[in-house]
Every structure is written in C-alpha cells, then in structure tokens.
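Summary of the model geometry
Read off the chains here:
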Amino acid sequence: MTSPTYAPGVEAYMRRGEQMTAAEAAQRATMRAKKFDTIAVHGLYNMEAALANQGSIIEPGYLSTSQHFENSDHMEAALAYLMPSWTYARIANPTQHYLEETLALLEGYGYAGEVSATVAASGMAAIFMATNPFLMNDGTAGSNDHGPSRPNIVVSAKCYGGTFMLFSQRYAVERGIEVRWVRDPLDVTEWANQIDGNTRLLFGEMPSNPGLAVFDIAALAELAHGHGLPLIVDSTVATPALLRPLEHGADIVVQSLSKTMGSSGMAIAGAIIARHNLPSRVGPDELRANFALYVKLLPLRDHGPGLSPFSSLMILNDLRTLRSKIDHMSRSSEQVAAFLAQHPNVEAAHYPGLPAQAGHAVAQRYLWLADGADDYGKPVNRYGHLMAFTVKGGNLAARRVFDRFQMIWRATDLGRIKSVATIPAISTHQQQGESGRQLAQVPGNLIRLNVGAEHPADIIADLDQALAA
Ligand SMILES: *Cc1c(COP(=O)(O)O)cnc(C)c1O
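Residues numbered from 1 in each chain as written. Predicted model: local features only at pLDDT ≥ 70, side-chain atom pairs only at ≥ 80, totals over all residues. Heavy atoms only, no water.

The seven strands lie next to each other as E1-E7-E6-E5-E4-E2-E3, forming an open sheet whose pairing is mixed. Of all the strands in the sheet, just strand E1 (115-120) and strand E3 (178-182) have a single pairing partner and so form its edges. Ignoring which end each strand starts from, the neighbouring axes of this sheet average 20° apart. Helix H6 (residues 123-131) contacts E1, strand E4 (199-205), strand E5 (231-234), strand E6 (252-256) and strand E7 (270-275) of the sheet and is inclined by roughly 160° relative to E6. Relative to E3, helix H7 (residues 161-175) is tilted by about 150°, and along the sheet it contacts strand E2 (152-156), E3 and E4. (Pairing = 2+ DSSP bridges. Helix = DSSP H or I, 4+ residues; strand = E, 2+ residues; numbered from the N terminus. Axes fitted to C-alpha atoms, helices over the stretch in contact; angles between N-to-C directions. Contact = heavy atoms within 4.5 Å.)

Here's what the structure looks like:
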C-alpha cells in the first residue's frame, strides 16, 4: 500500500488545521474545569468564536448544506479529513459541532479520560450507529454470511420498543445476528452466562423505558472488559444531569436527545458519546481509538443519518437549563410516585426512587443530581421524571383512567416539560407482540407517566380525578 500523496499546497492547510485543533483542545480544557451548569450554558462556544460570528452570543444556526473552500488545496485537505472542516452537512456542520462538544463535556463531567460525541438524526439512528460497527464480518466467515462465527449481542430485554425491534427484527431476523436477551438486568450472572467467543457487545438501558429497571454499570463494565467487549448504555431516561455511565466504566453512551435533553419537544435527535480507547474484538484501530469520531467520519457518512443543524440548535437551547429542570421535575416526581404508590386503584407504581422498587438500592448508588451538594449542602439522589403504574381491574380499567386525563397529554412521548402519558402496550411496545411484551414485562394495564414542570399539586389533582371512578 502506498500512502496517498497530496498537492504541495495542502501542507499549509494541514498546519492551519493543527492550530485549529490545538485552540479547540485548549478551550475544551478550560471548560472541563467548569461546573455542569456552566458547561451546559456555554459548551465550547466562547467570545473568540462569537467575534468570528458577527458577535452573536448564541451559537449561530448554520443552515447551509455546504462549505465554500478557498482553493483546491483547501478542498483536498478538508475532504481527506486532514484539517477540521465541515464540507457537507451530512458529514458535519458547525452548529452540530457545538452540540457535539457540549454533549461530550456533559457526559464526560467527572470522568478523567477523553470523550467524544457524534449526533445523529434520532435516538434510534444513534443506537444503530453505536451497535452496527461491532457487527461487521470479522473475516473468519464466508463472504456473505456470518457462517460458523455467527456474532451475538447480549442485551437487556427491558428496553425501549424501537430498540427491541431493531435488535429482534433488523439484526436477528434480517441479518442472522443472534440476540441474547437478559431478562433480569440486575443479575450479573445472567449476563455472564450469555457471553461467548462470538459475542460482540453488551447493551443495557438504565433506567429502562417504561419499566424503570436498573443494573449495576460498574459490575457489567468489569464483566465486559474481562472479555474484551464494549458496554453500551442507553441513559436517555437519566440524562447526564443524573447519571454519567462513562465515569462508572461504560464505553459508549447513547442518548435520545428527543426526550429530556430536548424537553421542549421541538426536535428528534440522538447522540453517541464514547470514551477513547475502548475494547472491541473486531474492527480497525481507529474504531477503538475514538469510536464517536470513527462513526462520524465513516459509517455515519455512508449510512446518512446526520442531524439537521436546526434540530441541533433546538437541543442546544434545551440543554442549557437541563440540570435545574431535572431537579425540579424529579422532586415533583417523588411526590407523584408516592401518591400513586398509595392509591387504592393502583396495583403497583414503578419509580426508581420508591423504596419498594426492585433495584432501588442500585438506583440510589447511581442516580445523583450533578453538583447537588452546591444546592443542598450535600449530594442528593434524584430519580428523574419518568414513572409507570398498573391500574387495578385490567387493561380496560387502565384505558378508562387514561381517557379521563384532562391536563396530562395522551401521546407516545416522554422527557417533556409538559406532563404526558401513554399506554406502552398499544403504542411504543405494540409492534413487539404479546410474547415480546412478556419478555420486556410490559403488561396491558401499564400507564407510563412523564411528569412535567407543572406544579405537582396540579398533576396529582389530574391523576386523582382520573383514578377516582
Ligand atoms: C425514545 C427512546 C429511544 C429512541 O429515540 P428516538 O429519538 O425516538 O429515535 C431510545 N431509547 C430510549 C430509552 C427512548 O426512550
């Protein structure tokens, strides 16, 4: 193999690129020393960047599809990834970049190592892009099938319906990848027993949607790393304001930014946030060295699920106040969950903060408000704003309660600043069928409730009148 040769003028752009990279690294180091809220408000966008953007104090929304180059040398350097540039908005974009840098700083908050982020068009796109690279043919099988070394993935069954469908249909049925479901994600032995020489990754949702199941991230990370495997954690329900899986040993975090991170509900978006130098049994060195960047520059470019710059701006705006919103909504949720848990028409309430919840001790170990001690004099547990409850009297009784809500919106949505509820068995978890719902433990009388930022007394009043009959 001969290394590519570039025109002589390209060299100067490589030098310029090195300066740009160094300046950004310095700004990253400056921001890593700041508190969570400061990072959320500013990200990497500083006064120097503002002065290069007409003085705009808010990150500009660059809606242009493509970048104009100074000359052919500049173009060649950019397209060969020899200098930071954005070229074409499917691959990169300045507004997207500000969001990625903010996300990497927030998920890396409290973690000593290097972290990078890549945004995608949805949470599902992020989950696909975070898992698919590990399913590549490793060269030991026939050219078109996975032959004797059929790869498998070990996955918590308590996961989002879309994730269940991606793994069970797109991967298992369409591509012959073996999906080994873990029924009780709290049981580390169940995970361990499913791993073999063909396992490519471990994947879990913490806490899970809609059942709020949890698992011990540090124990699973140790298990995964002992086998040279990456641990991927979907922590959409927690957000980095409550949980940062990377500091507990996870390798890749996936986020649906459409949810609490984008609580206004004006954009569908997702993200992959990964630590550098992660383990993998397959793939090139670049995949291990900086997984998020590898995905952005190669597979995401080729598969095409880039995030729109406009949506990037929407999410950036919501992120600035993430911590205080989550704190407020979590405190309201504790009241709402306590109300539901004691209601005579409620069979069971599921909320990680309830002492009776399976895994409450693990939730207590992992879910803390970032910088909570600065507000409350000591670290405080916060459990987020998602909960679920089963209604006594079966599926029809649950539907009647649901239909009586007067303020709580009926929608297949969560993470909202407005309270919203759904019946997962007929919405988010409808397609996976009865057996799939049994595996994920999603009964037909389960109502999932996202507690918004309204006054908790008004939310409880709406639940009270709906449950009364
Ligand atoms: C909604 C959701 C997803 C999928 O995100 P989209 O942005 O809707 O594609 C993934 N994981 C969890 C936990 C979710 O709640």
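Back to the write-up after that little detour.
The buried fraction of E4 amounts to seven of the seven residues, a majority that puts the element mostly inside the structure. Taken together, the four bridges between E4 and E5 define a ladder with parallel strand orientation. Following the sheet pairing, glycine 204 is matched in E5 by valine 233. Handedness of the crossover joining E4 and E5 through helix H9 (residues 217-226) is recorded here as right-handed. (Buried < 20%, exposed > 50% of the residue type's maximum accessible area, 1.4 Å probe, protein only. Right-handed = clockwise from strand over helix to strand, strands pointing away.)

Where burial is concerned, most of strand E9 (residues 386-391) is hidden: six out of the six residues are buried. Here E9 shows a buried face lined by Leu386, Ala388 and Thr390 and a second buried face lined by Met387, Phe389 and Val391. Pairing geometry for strand E8 (residues 346-350) and E9, over four bridges, is antiparallel. Residue pairing in the sheet places alanine 349 in a bridge with phenylalanine 389 of E9. The sheet contact formed by E9 and strand E12 (residues 446-450) spans five bridges and is antiparallel. Across the sheet, the residue bridging to threonine 390 is leucine 446, located in E12.

Bringing the site of the ligand into the picture now. Every one of the 14 residues lining the ligand counts as a neighbour, but Gly123, Asp234, Ser256, Ser258 and Lys259 are closest to it. One of the backbone nitrogen or oxygen atoms of glycine 123 is found 2.8 Å away from an oxygen atom of the ligand. Here an oxygen atom of the ligand sits 2.6 Å away from a polar atom, N or O, in the side chain of serine 258. Compared with its free state, where it exposes 380 Å², the ligand has 93% of that area covered by protein. It is H6 that contributes the most residues to the shell around the ligand, three residues altogether. Its residues assigned to classes, the shell around the ligand comprises five nonpolar, six polar and three charged. (Near = heavy atom within 4 Å. Polar contact = N/O pair within 3.5 Å; in protein donor to acceptor, adjacent residues only side chain to side chain. Areas by Shrake-Rupley, 256 points an atom, 1.4 Å probe, with all protein chains shown as cover. Nonpolar A, V, L, I, M, F, W, Y, C, P; charged D, E, K, R; others polar.)

Before going further, it helps to examine the sheet that holds strand E11 (residues 420-422). With mixed pairing, the five strands of this open sheet are ordered in space as E8-E9-E12-E11-E10. The strands lining the two open edges of the sheet, one partner per strand, are E8 and strand E10 (409-410). In the sheet, E10 pairs with E11 via two bridges, with the strands oriented parallel. Each bridged residue has a counterpart across the sheet, and for tryptophan 409 the counterpart in E11 is valine 420. Running at roughly 125° to E9, helix H17 (residues 394-403) makes contact with E9, E10, E11 and E12 of the sheet.

Glancing now at unusual backbone geometry. Leave glycine aside and you will find that most residues have negative phi; peptide bonds, for their part, are mostly trans. With omega at -15°, the peptide bond leading from methionine 206 into proline 207 counts as cis. Relative to the assigned elements, proline 207 resides in the loop between E4 and H9. Asparagine 209 connects to proline 210 through a cis peptide bond whose omega is 10°. Mapped onto the fold, proline 210 is located in the loop between E4 and H9. Non-glycine residue threonine 87 carries a positive phi angle of around 60°. You can see threonine 87 is positioned in the loop between helix H4 (72-79) and helix H5 (94-107). The class for threonine 87 is buried, based on a relative accessible area of 13%. At aspartate 371, a residue that is not glycine, the phi angle is positive and equals roughly 55°. For aspartate 371, the position within the fold is in the loop between helix H15 (360-366) and helix H16 (372-376). A residue is classified by how much of its surface remains accessible, and aspartate 371, at 18% relative accessible area, is buried.

Interhelical geometry of helix H1 (residues 10-32) versus H5 gives an angle of 45° and a closest axis separation of 11 Å. Of the possible angle classes, the one that applies to H1 and H5 is oblique. Crossing of H1 against H5: the hand is right-handed. On the side of H1, the interface is formed by Glu24, Arg28, Met31 and Arg32, while H5 contributes His97, Glu101 and Leu105. For the contact of H1 with H5, the per-class residue count stands at two nonpolar, one polar and four charged. (Parallel < 35°, antiparallel > 145°, perpendicular 65-115°, else oblique. Left-handed = near helix turned anticlockwise from the far one by under 90°.)

Take the domain arrangement of the protein next. Split by domain assignment, the protein resolves into domain 1 (93-319) and domain 2 (322-467). Taken over C-alpha atoms, the centre of domain 1 sits 24 Å from the centre of domain 2. Both faces combined, the contact of domain 1 with domain 2 buries some 3300 Å², and carbon together with sulfur accounts for 65% of it. When the buried surface of domain 1 facing domain 2 is broken down by residue, Pro210, Leu212 and Leu242 rank first, second and third, together holding 21% of it. For the pair domain 1 and domain 2, the number of links is two salt bridges. Residue aspartate 318 pairs with lysine 325 through a salt bridge whose shortest N-O separation is 3.6 Å. Our count for the contact surface shared by domain 1 and domain 2 stands at 18 residue pairs in polar contact (both at pLDDT 80 or more). Of all the elements, H7 adds the most residues to the side of domain 1 that touches domain 2, at three residues. Residues belonging to the side of domain 1 that touches domain 2 are distributed by class as follows: 24 nonpolar, 11 polar and six charged. (Domains from an automatic or database assignment. Buried area = accessible area lost by both parts, 1.4 Å probe. Salt bridge = Lys/Arg side-chain N within 4 Å of Asp/Glu carboxyl O.)

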